[in-house]
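Given next are the chains, with one letter for each unit.
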Amino acid sequence: MKSYKDLRFNRPDLLTQVYDKDKITVGSLIRQVDNTLTPMPMALARPMEASVAIAGLFPFAIEYDEDTQYVFLVDGATATTNRRVIMYEFNKHTSSYIWKGFITVLFPVTGNVSARGLRLAEYHYTTGQVTASGTTVTGVGTNWKTAGFSVGSRIGFGTIDHRNVTAWYEITSIESDNQLTLNKPVVEEVAGQPFTIEEVRVIMACSNSVTTNGGLFVIKGLNYDTFTQAGTTIPAATTIDNIRATYWLADAPVVTNILPGGSAIDEMVDWHNHEVYCTNGSSTTLRVFKYNIRQPLTTLTAGKSVEALVLSTGNQLVTGTLSINNNGRIATANHGAGAGEKSLYFVTNSRLYRINLANITSGSTTYVSDSMTEIPAGGAMTVMAGAVLSSVEYSGVIDSFIVNSSGLGRSYVSKYKTDGSQFDLNFLSDARQIDGSNADSDAPFYPSLSTATFSSWVENGIMHTIRQSAVNTTNQMYAIPIAADYLLSNDQYIITPVFNIPNLRKLDKVYVDVINRIGSERLGVSAEPYNLYYRTSGIDDNTGLWIQADSDMAGVTGTKIQFKFTFRVMGQTCLTARIKGLTVTYEDNNTDSHFSPSNKHTSIQNNVMAYRQVDLFDGSRVPEMTIKLFNVETNILVLADNTSISEFGTWEYSTDAVNWLPFNGNAANRVGNYIRYKALGLPAGIKIKAVLSVS
């Protein structure tokens, strides 16, 4: 009998991220959207259309808790004596940006400042216990001043996990290692409790209209409450370290790091060691500067100190023009020439370069390790190499690099390869898409290269990428679930519950109910593709191998089946398909539902199997029917015959089960009629099960 099983994805009660054969198992980046399942939908933010319009550049994200990432941007407007840093809250479950506010950074230099790189550092201190009364906090086993925390940090009580703090207090002074003062009295006195101090620092590489006033700057003493919708002004530092102020980490009394390409931040070693590397140069001559951003600054003059410089290399020639667009990323890849080596990656307009950090020594002129030439996926004769590479990002979740381009070049996701082979994936295209707030609501938003430069940061599999512009129609930031791409990750999927079909005779088709067009019929665009897989074994313990499926399931056997969906994300639009559900059709070993066995008119002794019609077939006739006779004990097929070419018996129909006529599909199609099959002979001594089905 033809049957089907149907599964709809409008069942949040069935969703789980831990494999369960009886539920819908999804990856951490799969979301339920309007009764469909899909990778996290793309999010959009418009910095130039916020309540305070600020052109955003160089995203940097911090995973704050399981629900939220904080995303920061630096001001990309016309160079002036200050720069603003913007903060967004990104909700990973609803895939939405909320503009939180900004700070205005004043610099201890003259001239107009342009940001060339943005990174942030988030620090948490939890050692010891505290007592608090009024605005005074006393610590036992604490080393706040020695650790170098800054005024402007915030503290929470009762836990060492910042995610569990219910009330924060800003620190207005740090008198010693075990005493500090708050901006307001504690609501309840604290006695011998755990605590956490949280500080955010902004690291900004800048150039300046006064050439020697560029270099690396650190803004200390920030916390998330510092970013307000009205804006908080951060003064330039003077002679006091570790207060809320902007510090100039000069490389020399007369600065030579005058055109930094970016600020690549390493992991913190301890409270006195946290290193940042700046590439320097705008042509083919590279120089690298290494700073320690937690170096105590004891010789500050007008906010400037040379104490944080660790070393600078000599000059080394590279191929192509160095980018000064957030250019530089420290990563320890698990593949390629730099596998297992902590390295500094950066780009010229035509190559991705690597420097093993161990090679960065004072005065060296031979520190570059290797490079990867821009060859698009498909080759340069298939996709034009734009020679406009602008920045590089790395994601440990997918162990791959994201190489952004400017202008009309393609952007790439790839492993790092030095053998002259192609980049792995090209993504984005020039669709001339404008995603301003006045755009037609029927059109989906998605990033388009157009003539803008993109820069990106990937945090826990989510890429925040921004089209850099000071024009409101072309300054947008997008959140894209890059780690959900089936070419980049193996753990983002939809696995259906098992379909149990105990009486399965053969599978027929699988039909996927999918939304492949995002947006309206007039302005919609095609979604990126998806893959469908199936397996019929290893379902209970999730060990079975997956086989790629198409719609035709003929030839697939078994009494249970399970399906898996994976998605392409990083394509021309990065808009993903949305799956509503799927339907499996099959033939089972039960009699077709249009007929009911007639025991009264069946005679096994005479090899006669009779059926009464209980439902009309669509159309005007009974279709071709097949009868199969099985050995009940062994389930082995004994005989099969059909109404078109009957080889082993005869077919008849009747209106009254008394007068029987040769089978005629047109005449037989009526509720209450009978059909019967008379076999010429059957094996003796076995029990027979008869199954009547549409051929």
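Please refer to the structure placed before this passage.
Now for a description of the structure that goes with this document. In this convention, every chain numbers its residues from 1, walking through the sequence in written order. Residues qualify for local features only when their pLDDT is at least 70, as the model is predicted, and side-chain atom pairs are given and counted only at 80 or more; totals for whole chains, interfaces and linings, by contrast, use all residues. Think of the side-chain values as coming from all heavy atoms in the structure, minus any hydrogens and water.

1. Considerations on the sheet that holds strand β20 (residues 232–234)
For two strands to count as paired, DSSP must find a minimum of two bridges between them. Here a strand is any run of E in DSSP of at least two residues, a helix any run of H or I of at least four, and the numbering for each starts at the N terminus. Spatially, the five strands line up as an open sheet ordered β7-β8-β9-β10-β20, and their pairing is mixed. This sheet does not close on itself; its edge strands, each paired only once, are β7 (56–63) and β20. Neighbouring strand axes in the sheet, compared pairwise and without regard to direction, differ in orientation by 25° on average. Of the strand pairs in this sheet, strand β10 (residues 96–106) and β20 are connected by three bridges, and their pairing is parallel. Note on β20: the bridge partner recorded for threonine 104 is threonine 233. For helices, the fitted axis covers only the stretch in contact; all axes are lines through C-alpha atoms, and the angles between them, taken along N-to-C directions, range from 0 to 180 degrees.

2. Some thoughts on the sheet that holds strand β53 (residues 661–662)
Backbone-to-backbone hydrogen bonds join strands into a sheet, with any given pair of strands oriented parallel or antiparallel. Strand order in this open sheet of five strands is β48-β49-β54-β52-β53, and the pairing throughout is antiparallel. Because the sheet does not close on itself, it has two edges, and the strands there are β48 (595–597) and β53. Note: strand β49 (residues 608–613) against strand β54 (residues 674–679), five bridges, orientation antiparallel. Along β54, the bridge assignment pairs valine 608 with lysine 678.

3. Here's the deal with the packing of aromatic side chains
Aromatic contacts are taken between Phe, Tyr and Trp rings whose centres are within 6.5 Å, Trp giving its six-membered ring; a plane angle under 30 degrees counts as stacked, one over 60 as edge-to-face, and the others as tilted. According to the stated counting rule, one finds 29 aromatic pairs in the structure shown. On the basis of an interplanar angle of 80° and a centroid distance of 5.7 Å, the ring pair of tyrosine 125 and phenylalanine 149 is categorised as edge-to-face. Taken together, the positions of tyrosine 125 in strand β11 (residues 113–125) and phenylalanine 149 in the loop between α1 (144–147) and β14 (154–157) put the pair 24 residues apart, joining distant regions of the chain. Of the two residues, tyrosine 125 and phenylalanine 149, both sit in the buried class. Connected via pairs of aromatic rings, a cluster forms that spans Tyr123, Tyr125, Trp144, Phe149, Phe195 and Trp271. The side chain of arginine 294 reaches across the aromatic face of tyrosine 123, ending 4.3 Å from its centre. Only when the NZ of Lys or the CZ of Arg is both within 6 Å of the ring centre and within 35 degrees of the ring normal is a charge said to sit over the ring. A cation over an aromatic ring shows up here: lysine 564 above the ring of tyrosine 533, its NZ or CZ 5.5 Å from the ring centre. Burial status follows relative accessibility: with a 1.4 Å probe on protein chains alone, a residue under 20% of its type maximum counts as buried, one over 50% as exposed, and anything between as partly exposed.

4. Some points on the side chain of arginine 568
Looking at where arginine 568 falls in the secondary structure, it is placed in the loop between β46 (560–567) and β47 (578–588). Here arginine 568 falls in the buried class, since its relative accessible area comes to 15%. Between N or O atoms, a polar contact is any pair within 3.5 Å; within protein, one atom must be a potential hydrogen donor and the other a potential acceptor, and residues adjacent in sequence are included only when both atoms are from side chains. At 3.1 Å, the side chain of arginine 568 forms a polar contact with the side chain of aspartate 485. Within the local environment of arginine 568, its side chain forms a polar contact with the backbone oxygen of methionine 570, the two atoms lying 2.7 Å apart. In this structure, arginine 568 is in contact with Leu425, Asn426, Asp485, Tyr486, Leu487, Glu528, Pro529 and Thr576, ignoring residues within four places of it in sequence. We call two residues contacting when some pair of their heavy atoms lies within 4.5 Å.

5. So, the state of the cysteines
Two cysteine sulfur atoms make up a disulfide if the distance between them is within 2.5 Å. Applying the stated criterion across every chain, the model contains zero disulfides. Considering cysteine sulfurs only, cysteine 278 is the nearest to cysteine 206, which forms no disulfide, with 9.6 Å between them.

6. Description of the pattern of salt bridges
We define a salt bridge as a contact between a side-chain nitrogen of Lys or Arg and a carboxyl oxygen of Asp or Glu at a distance within 4 Å. According to the stated counting rule, one finds 24 salt bridges in the structure shown. Taking the shortest distance from any N to any O, the salt bridge between aspartate 424 and lysine 417 comes out at 2.6 Å. For aspartate 424, a relative accessible area of 33% gives the class partly exposed. Shared partners join several salt bridges into a network, and the residues in it are Asp6, Arg8 and Asp513.

7. What to know about the nonpolar core
Where a protein is soluble and globular, its nonpolar side chains tend to be buried together. Each nonpolar core is a collection of buried residues, namely Ala, Val, Leu, Ile, Met, Phe, Trp, Tyr and Cys, held together in the definition by side-chain atoms within 4.5 Å. In terms of nonpolar packing, the biggest core is built from 106 residues, with Phe72, Phe563 and Met570 touching the most fellow members. Every residue in contact with phenylalanine 72, bar those within four places of it in the chain, is listed here: Phe58, Pro59, Phe60, Ile62, Val85, Ile86, Met87, Leu118, Leu120, Tyr224 and Phe227. Among the nonpolar cores identified, the runner-up in size contains 37 residues, and Tyr125, Leu216, Val218 and Ile293 belong to it.

8. A few points about the side chain of serine 455
Turning to its location among the elements, serine 455 is positioned in strand β36 (residues 453–459). Exposure remark for serine 455: the relative accessible area of 0% places this residue in the buried category. If we skip the residues at most four places from it in the chain, serine 455 touches Leu57, Phe58, Pro59, Asn325, Ser391, Asn404, His464, Thr465, Ile466 and Gln468.

9. Section: the environment of valine 512
Inspection of the secondary structure assignment puts valine 512 in strand β41 (residues 504–515). As a C-alpha pair, valine 512 and valine 584 span 72 residues in sequence and 8.9 Å in three-dimensional space. Apart from residues no more than four positions distant in its own chain, valine 512 is found in contact with Tyr530, Leu532, Phe565, Ile579, Gly581 and Leu582.

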